[in-house]
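# Structural features, examined
As a plain string of letters, each chain reads:
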Amino acid sequence: MDSSSPVGSQHPTTLTTAGKEDRPVIQEGVQNESNIATGNPLFKHFVGSSEPEDQQKALDFFNQVLDIGINLKSQPEVRQKQVGVRATQSFGPMPEDGVSSDQLLECFREIAQHSTNFASPKFLGFPDAANSIPALGAAMMVPFINQNMCNQDIQAPAASFIEMEVVHWLRQQLGFQVPSEYTTVTEVGGIMTAGGCLSNTVGMMAAREALFPGSGMTGLPVVASQIRVLVPDVIEHYSIRSAMAWLGMGETNVVRVPVDDVYRMKIHELERIIKEERAAGHHILACIAYAGDSRSMRIDNLRDVGVVLRKHKIWFHVDACHGSQLAFSRTHRHRIAGIEEADSVTIDPHKVLWIPYMCSFALFKDPKSLANVSTNSDLILKTQWSLGQITPCVGSKAFDALKLWSTIKYFGRSGIESLIDARLALTEEFQNEIDRHTEVILLNVTDINACMFIFMPQSLHQGKRISGKDVEKLNDCNLFIKTAILESGDALVHGFNLKRVSHPLLPEDDIVYVLRTINGNPLTTAGHLKEILDTVVELGHQFYSKGSS
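Below, the structure is looked at part by part. Remember, it's a predicted structure, so these values are computed and weren't measured experimentally.

Another point: the overall build of the protein chain. Summing up its helical and strand segments, the protein chain has 15 helices and 11 strands in all. Taken against the 2.2 N^0.38 rule, which gives 24 Å for 549 residues, the C-alpha radius of gyration of the protein chain at 27 Å falls within 12% of a compact globule. Viewed in the frame of its principal axes, the protein chain has a C-alpha envelope of about 95 × 60 × 50 Å. Counting only contacts in the protein chain whose residues sit at least 6 apart along the sequence, the fraction spanning at least 24 positions is 72%. Summing over all exposed atoms, the protein chain offers an accessible surface of approximately 27,100 Å²; the carbon and sulfur share of this is 54%. Here the protein chain contributes 49 positive and 62 negative side-chain charges, whose respective centroids are spaced 6 Å apart.

In structure tokens, the structure reads:
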């Protein structure tokens, strides 16, 4: 193995096997255990059996499971069968007796038939396609090797360095300084988590320690009602409010900064709010900017926001769960300029790099920021490379970093760049297609890979803002479109209320129900997008024709 490999040992140890005469007691014990195992018919249903017949049955079972998964991901539809909305749900008692492997496989097939196929090229509600072959291969490998990432020397001797290498690559790609070598896990400057909400929470934990050093050990030195966190208005993500609630600092202490017509924080308003909050005696924990918010997919003015926050010595957190993909593209990277100045950054490769759930990271400009929220537990062996020391809120943790590591190794940075560039080119093509439809209104020119739009019948195009009553009916129409597409099982677009939309035909202060697509699947084509857009128009006409009849 290459000495530069993260799983290579710098100090190889030769393992010797003792002769039979040196360990008779051990051999006798193994033989006795084997006899016990053969006496219980259930033991053959565990991986590790030495019987060739049992090994083959296990392999056949796993192959059939794999067939079910591949068949689901290969079907063109988003859903084969619908699951009705239930007012209530009841469950029977736990089964007393087990089922056969064939019966269990049939259960798996039934579950798959009623599951959502995120890998359908017409699944456009979210970008989480999870159809990368190397990532899926790694996802199958993870439970088989079953490493516990909390401790390196005993439970994850090689896997710990794989996760560290992934963090090293990601921090480097964002523009953070990385060392040529590490001497302890606390220098790595990032950690994999169970999702973007937890990654944002870890970022807020680090911000708390920066503002109130030692508060993780001794508690907050001020009452929580005096703490504030700043977020952009309109497009804020709920995870920051959740983080404030979970950390005992109160989600009502989130302050919203006014945004412009493209949902970017107004710098003069940010300055005003900082001064007003501090004048009121409040402590500003952090300010969050989005490199691709979850609605409009716009990127804030990261460089300008960063300048203000550094001037006022406020923690700068960037939620780049979507926008981090641009770090791989030389063509589009300029759109996230300034992200390298953030104190902490959240990224979600399961959203943008075709990785199966879960795959999220909290990354830090200064590795000490993460080390400051390290775990204080005697149960985590404090060895040199144990990731459990720097993984808040988690004890035992799976080797999920292998999924992203495998994807990067397989495609390389240039391959990922090519796929990201193609994704953004397709988004631009779809936006142009929307503009060609007179009854579909594009509501954003995205910085990344989302299109936010509504159906509006030609009768409402009168060159002036429509009435509140017209907005209500328009909202019902677009909700109908979204629901009808979902219930068809053929495709999926997302829909949600947006409390402010900047468009000359829409009232400025009315809530508008908007539709949105995000193309994250490399197998999605312009043809798929055009087909969905035609369906949107057809369903819109259907809604308004029924309303007038």
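Our next topic: the packing of aromatic side chains. Summed over the entire model, instances satisfying the criterion amount to 13 aromatic pairs. Look at F62 and F144: their rings are 5.4 Å apart centre to centre, the planes differ by 85°, and that puts the pair in the edge-to-face class. With F62 in helix α2 (residues 52–74) and F144 in helix α4 (residues 133–145), this residue pair connects regions lying 82 residues apart in the sequence. Between F161 and W385, the aromatic rings sit 5.5 Å apart at their centres with planes inclined by 65°, giving edge-to-face as the arrangement. You can see F161 sitting in helix α5 (residues 159–174) and its partner W385 sitting in the loop between α12 (367–371) and α13 (401–436), a full 224 residues away along the chain. Counting every residue linked through ring pairs, the aromatic cluster contains F61, F62, F108 and F144.

Before going further, it helps to examine the sheet that holds strand β4 (residues 283–290). Backbone hydrogen bonds are what pair the strands of a sheet, in a parallel or an antiparallel way. With respect to topology, seven strands assemble into an open sheet ordered β1-β7-β6-β5-β4-β2-β3, the strand pairing being mixed. Edge positions in the open sheet fall to β1 (190–193) and β3 (254–257), since each of these has one partner strand only. On average, each strand axis in the sheet is tilted by 20° relative to the strand beside it, whichever way the strands run. Judged from the three bridges that link them, strand β5 (residues 315–319) and strand β6 (residues 344–347) form a sheet pairing that is parallel. Of the residues in β6, the one forming a bridge with D319 is T346. Lying on the sheet, α5 is in contact with β1, β6 and β7 (360–364); it crosses β7 at an angle near 60°. Docked against the sheet, helix α9 (residues 267–279) engages β2 (227–232), β3 and β4, running at close to 150° with respect to β3.

Our next topic: the layout of surface pockets. In this structure, the largest pocket occupies an estimated 980 Å³ of space. The wall of the largest pocket is formed by 32 residues, among which L66, G69, I70, K73 and L136 lie closest to the centre. Looking at the lining of the largest pocket, the elements that each hand over two or more residues are α2 and α4. It is α2 that provides the largest number of residues to the lining of the largest pocket, a total of eight residues. Here the lining of the largest pocket is built from residues that sort into 20 nonpolar, nine polar and three charged.

The strand order β8-β9-β11-β10 describes an open sheet built from four strands, whose pairing is antiparallel. Every interior strand has two partners, whereas the edge strands, β8 (440–442) and β10 (494–498), have only one. Strand-to-strand twist in this sheet, taken as the mean axis angle between neighbours without regard to direction, amounts to 40°. One ladder, built from five bridges, connects β10 with strand β11 (residues 512–518); its direction is antiparallel.

This part covers empty space enclosed by the protein. Scanning all chains against the criterion turns up one cavity of 30 Å³ or more. Contributing to the lining of the largest cavity are L170, Q173, L174, S324, A327, F328, I347, D348, P349, V352 and L353. Breaking the lining of the largest cavity down by element, the ones donating at least two residues are α5 and α11 (349–352).

What follows is about the side chain of E417. With respect to the helices, strands and loops of the structure, E417 is situated in helix α13. In this view, E417 contacts F328, S329, R330 and T331; residues no more than four positions away in its chain are not counted.

Here we take up the packing of α2 against helix α3 (residues 101–113). Remark: α2 packs on α3, axes separated minimally by 10 Å, with the N-to-C direction vectors making an angle of 10°. Classified by the angle between their axes, α2 and α3 sit roughly parallel to one another. Classified by chirality, the crossing of α3 by α2 is right-handed. Each of F61, Q64, V65, I68 and L72 in α2 lies in contact with α3, whose residues at this interface are S101, L104, L105, F108, R109 and A112. Looking at side-chain class alone, the contact of α2 with α3 contains eight nonpolar, two polar and one charged residues.

Scoring rules and cut-offs
Residues numbered from 1 in each chain as written. Predicted model: local features only at pLDDT ≥ 70, side-chain atom pairs only at ≥ 80, totals over all residues. Heavy atoms only, no water. Helix = DSSP H or I, 4+ residues; strand = E, 2+ residues; numbered from the N terminus. Rg over C-alpha atoms; globule rule 2.2 N^0.38 Å. Contact = heavy atoms within 4.5 Å. Areas by Shrake-Rupley, 256 points an atom, 1.4 Å probe, with all protein chains shown as cover. Lys, Arg positive; Asp, Glu negative; His and termini not counted. Charge placed at Lys NZ, Arg CZ, Asp CG, Glu CD. Phe/Tyr/Trp six-rings, centres within 6.5 Å; stacked < 30°, edge-to-face > 60°. Pairing = 2+ DSSP bridges. Axes fitted to C-alpha atoms, helices over the stretch in contact; angles between N-to-C directions. 1 Å grid on protein atoms, 1.4 Å probe; cavity = no way out; pocket = protein on both sides within 12 Å on 5 of 7 lines; lining within 4 Å. Points joined across faces, edges and corners; volume = space filled by probe spheres on them. Nonpolar A, V, L, I, M, F, W, Y, C, P; charged D, E, K, R; others polar. Parallel < 35°, antiparallel > 145°, perpendicular 65-115°, else oblique. Left-handed = near helix turned anticlockwise from the far one by under 90°.

All quantities given are derived from atomic positions and should not be read as evidence of function.
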